[in-house]
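These are the residues of each chain, in order.
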Amino acid sequence: MDIRALTVAALFSVLISPGVVAGQTRDSVTRLDRFTFQAAGGPLLQSGGHTVSAAVGFSPISRIDVLVNVERDVLPFERETFSDGYSITRGGELTFLSGEIRASLFPPHRVS
């Protein structure tokens with residue numbers, strides 16, 4: 001798939017339906033507002049590989065979020081030939097696991 005077409009489609013969806021982009025509706029259930037799920041993916045521009053990531057979070061109080069993040073990078077095998085030799089990059093997959101605590105200074109329904 002062409003990355004430019006994918007970028008234009010994502011930006012178009014932001015302009016048309018901000019409720020969908022926010023991942024919630026105006027009539028959301030308050031118990032489910034405590035949980036978040038975030039996902040992303042895209043190409044690694046220099047190496048030609050790709051990356052995907054996901055985060056799952058819980059908000060114990062309105063201004064604190066606790067998240068667990070998982071990220072996976074896939075790097076390709078590369079061989080570069082020079083006039084006096086060559087360079088080989090093995091490639092492979094890297095997986096990262098991390099945690100976050102986010103604190104918000106503003107109320108949860110304020111956009112700034």
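As a reminder, the structure under discussion sits directly above these lines.
Attention in this report is confined to the structure presented alongside it. This is a predicted model, so every value here is computed, not measured.

1. Section: the overall build of the protein chain
The helix and strand tally for the protein chain stands at 2 helices and 6 strands. In the protein chain, the order of α-helices and β-strands from amino to carboxyl end is α-α-β-β-β-β-β-β. As displayed, the protein chain has an accessible area near 9500 Å², and 62% of this comes from carbon and sulfur atoms.

2. Observations concerning the side chain of Asn69
Secondary-structure assignment places Asn69 in strand β3 (residues 64-75). Residue class for Asn69 comes out buried when judged on its relative accessible area of 13%. Other than its neighbours up to four places away in sequence, Asn69 contacts Ala54, Ala55, Phe96, Leu97, Ser98 and Glu100.

3. Here's the deal with the side chain of Thr51
Along the chain, Thr51 turns up in strand β2 (residues 50-61). Its relative accessible area of 15% is what places Thr51 among the buried residues. A distance of 3.4 Å separates polar atoms of two side chains, one belonging to Thr51 and the other to Glu71. For Thr51, the side chain forms a polar contact with the side chain of Asp73, separated by 2.5 Å. Among residues more than four places away in sequence, those in contact with Thr51 are Ala40, Gly41, Gly42, Leu44, Glu71, Arg72 and Asp73.

4. Regarding the sheet that holds β3
An order of β1-β2-β3-β6 is seen for the 4 strands of this open sheet, with the pairing classed as antiparallel. Two strands bound the open sheet, and with one partner strand each, they are β1 (35-43) and β6 (92-103). Each strand of the sheet is rotated relative to its neighbour by a mean of 15°, with strand direction disregarded. In terms of strand pairing, β2 meets β3 through 10 bridges, oriented antiparallel. The partner of Val56 across the bridge, within β3, is Val68.

Definitions and cut-offs
Residue positions are counted from 1 within each chain, in the order its sequence is given. Side-chain atom pairs in this predicted model are given and counted only at pLDDT of 80 or more, local residue features only at pLDDT of at least 70, and totals for whole chains, interfaces and linings cover all residues. To get the side-chain values, all heavy atoms of the structure are used, and hydrogens and water are removed first. Strands are runs of DSSP state E lasting at least 2 residues, helices are runs of H or I lasting at least 4, and numbering of each runs from the N terminus. Reported accessibility uses the Shrake-Rupley method at a 1.4 Å probe radius. Residues are deemed covered only where the shown protein chains occlude them. Accessibility here uses a 1.4 Å probe with only protein chains present; expressed as a share of the type maximum, an area under 20% marks a residue as buried, one over 50% as exposed, and anything in between as partly exposed. In this description, contact between two residues means that some pair of their heavy atoms is separated by no more than 4.5 Å. For the purposes of these results, a polar contact is taken to be a pair of N or O atoms within 3.5 Å, where, inside protein, one atom must be able to donate a hydrogen and its partner to accept one; residues adjacent in sequence count only when each atom of the pair is a side-chain atom. Think of it this way: DSSP has to see at least two bridges between two strands before they count as a pair. Every axis corresponds to a line fitted to the C-alpha atoms, with the helix fit spanning only the stretch in contact, and the corresponding angles, defined between N-to-C directions, vary from 0 to 180 degrees.

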